[in-house]
Structure formats: C-alpha cells, structure tokens
Amino acid sequence: MARPRKKPMRPPPRAAARTTLSEAERRLLALAQTLGAAADDPDVLSAALRILTSQYSAAAALPRAMCGAWLGSRKDKTAALALAWAREQVRLSLRDVLERAPARGALAMDADTLAWLLLAACEALAYEPDSAVADRVRVLFEITGAAAPAVPSSAPA
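The model shown is predicted, which means the values in this text are computed figures rather than measured ones.

How each quantity is defined
- Residues numbered from 1 in each chain as written.
- Predicted model: local features only at pLDDT ≥ 70, side-chain atom pairs only at ≥ 80, totals over all residues.
- Heavy atoms only, no water.
- Helix = DSSP H or I, 4+ residues; strand = E, 2+ residues; numbered from the N terminus.
- Buried < 20%, exposed > 50% of the residue type's maximum accessible area, 1.4 Å probe, protein only.
- Areas by Shrake-Rupley, 256 points an atom, 1.4 Å probe, with all protein chains shown as cover.
- Axes fitted to C-alpha atoms, helices over the stretch in contact; angles between N-to-C directions.
- Parallel < 35°, antiparallel > 145°, perpendicular 65-115°, else oblique.
- Left-handed = near helix turned anticlockwise from the far one by under 90°.
- Contact = heavy atoms within 4.5 Å.
- Expected span 1.5 Å × (residues − 1).
- Polar contact = N/O pair within 3.5 Å; in protein donor to acceptor, adjacent residues only side chain to side chain.

Trainee: Describe the overall build of the protein, and please don't skip the residues or the numbers.
Mentor: On a plain count of helices and strands, the protein comes out with 6 helices and 0 strands. Starting at the N terminus, the α and β elements of the protein follow one another as α-α-α-α-α-α. Burial statistics for the protein: of 157 residues in total, 36% are counted as buried. Carbon and sulfur atoms make up 59% of the accessible area of the protein, which totals about 10,000 Å².

Shown next as structure tokens:
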C-alpha cells in the first residue's frame, strides 16, 4: 500500500521588520548621545551623573517609557533585544565618560563594571521614595568622587 504524500512544510511567515523605535528606545538613545556630548564639560563625571539622575527620577518620562516597553516586550523577542540594545548604548556612553574622567572615588573597579553599577543605581531612583532620592543621589556622587550638585535634579526631561 502506498503512503499518502505529505504536504511540504512551509516555514512560518516572517514578522514584519520593525521600522520605528519605541518611546523608550528613542529616549535611551538620546540619553546616550547626551552623555557622549557631556565630554566637553570640565567635570565630565559630575555632568554625566547630573544628566542620569535627572533622566531616571520618578518625575521624568524615561522610567515610565522603560516600564511600558519592558512589559510590552515580554512576548516579543525583537522588541526585547531592541530595548536591551538601546539601554546598552547608555551604559557604553557612561563607560566612555568614566574612562575620560580622572580616577577617584571609593570604588576601585574597571569602567565597564562601574558603568553597569551606576546605571542600575540610577534606574532604581524612580522606585525610591521621594524622601530618599536626594540621599541616594548624594551617595552616587560620593562613591564616584564626582563633585555633587548643589541640589539634586529631579526635573523631568
């Protein structure tokens, strides 16, 4: 008895290529560019920390955009990778700032590790109680040896 012929398997249809960036990706890439431009500041590390702490404050738009993009990318591997890539650009810009800044501060570690640690700490600022943010920001400036701002910036950008 002859076996019935099976239909040839077709590959699944490809998802349409993403053509637009999410709000979070746009904001992250703009932040990375801003950090890169901070190199002209005489105290590049202080300038970078002021930028980061203001962008990751609870009142800023970036943490909300990141949260929404992260939740939206849970079942979309392409979106998750795009968001991670944009975040990595911020970390790399911060690493470049740390490599240009004079070595000082309480943490003796390579620029890659310190950039990761500072970025994670800044991302956590949005989840801190308002009463604790100024103290957390002060600690970031102290452990890096950067000159602290007179008043921590928490204005939205």
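Trainee: Help me get a handle on the packing of helix H1 (residues 23-37) against helix H3 (residues 61-72), residues and values and all.
Mentor: Axis separation between H1 and H3 bottoms out at 8 Å; the angle between their running directions is 135 degrees. With respect to their mutual orientation, H1 and H3 come out oblique. Of the two elements, H1 crosses H3, and the hand of that crossing is left-handed. For the pair formed by H1 and H3, the contact residues are Glu 23, Ala 24, Arg 27, Leu 28 and Leu 31 on the first element and Ala 61, Leu 62, Ala 65, Met 66 and Ala 69 on the second.

Trainee: How would you summarise helix H4 (residues 77-100) if you had to cite specific residues and measurements?
Mentor: For H4, with 24 residues, the first-to-last C-alpha span of 35 Å sits near the 34 Å given by 1.5 Å per residue. Residues of H4 that are buried: Ala 79, Ala 82, Leu 83, Ala 86, Val 90, Arg 91, Ser 93, Leu 94, Val 97 and Leu 98. On its buried face, H4 sits against H1, helix H2 (44-55), H3 and helix H5 (111-124). Capping of H4 at its N-terminal end is provided by Asp 76; its side-chain oxygen lies 3.2 Å from the backbone amide nitrogen of Thr 78.

Function cannot be read off these values alone, since they describe shape.
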